[in-house]
Amino acid sequence: MPDASAVSIVADTLRNSVVMANFPADWPEKTAKAVVDALGGLTRAWAAVLPDDSYFTPYHEGHEFHPGEAREQAVADVAEYEDSRL
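Residues numbered from 1 in each chain as written. Predicted model: local features only at pLDDT ≥ 70, side-chain atom pairs only at ≥ 80, totals over all residues. Heavy atoms only, no water.

Asker: Which residues make up the overall build of the protein, and what values do they have?
Answerer: Assigned secondary structure in the protein consists of 3 helices and 2 strands. Viewed in the frame of its principal axes, the protein has a C-alpha envelope of about 50 × 30 × 15 Å. Burial analysis of the protein (86 residues in total) assigns 22% to the buried set. Of the contacts made within the protein by residues no fewer than 6 positions apart, 40% connect residues no fewer than 24 positions apart. Accessible surface for the protein amounts to roughly 6,200 Å². Of this, 57% is attributable to carbon and sulfur atoms. Averaging the positions of the 6 positive and the 15 negative side-chain charges in the protein gives two centres separated by 12 Å. (Helix = DSSP H or I, 4+ residues; strand = E, 2+ residues; numbered from the N terminus. Buried < 20%, exposed > 50% of the residue type's maximum accessible area, 1.4 Å probe, protein only. Contact = heavy atoms within 4.5 Å. Areas by Shrake-Rupley, 256 points an atom, 1.4 Å probe, with all protein chains shown as cover. Lys, Arg positive; Asp, Glu negative; His and termini not counted. Charge placed at Lys NZ, Arg CZ, Asp CG, Glu CD.)

Spelled out as structure tokens, the structure:
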């Protein structure tokens, strides 16, 4: 089952970038689910990003044991490196 937020993001992108003439109203959601399924699912990742846009190894929500832990770890990295951002 794909992550609902991933499907929502893809569906919003489709809806905003495709002229919806002659498409069923639920086309963006059905297509988004198929895209997310084909990609093996999408989950959010968090990382501390430096001014040159390089970043530390991201923490993936799908790989962490507790909800919110990935973001918490990245926030700790940001606190450690004052010129970085989340």
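Asker: Residues and numbers for helix H2 (residues 27–38), please.
Answerer: The first and last C-alpha atoms of H2 sit 16 Å apart over 12 residues, in line with the 16 Å expected at 1.5 Å per residue. Of the positions making up H2, those classed as buried are Pro28, Ala32 and Val36. Angular distribution of buried residues about the axis of H2 spans 60°; they occupy a single face of the element. Turned more than 90 degrees from where H2 packs its buried face, Lys30 and Ala38 sit exposed. Contacts from the buried residues of H2 go to helix H1 (4–17). Directly beyond the C-terminal end of H2, a positive phi value near 80° is found at Gly40. (Expected span 1.5 Å × (residues − 1). Arc of directions from axis to C-beta.)

Interpretation note: all reported values are geometric properties and have no functional meaning in isolation.
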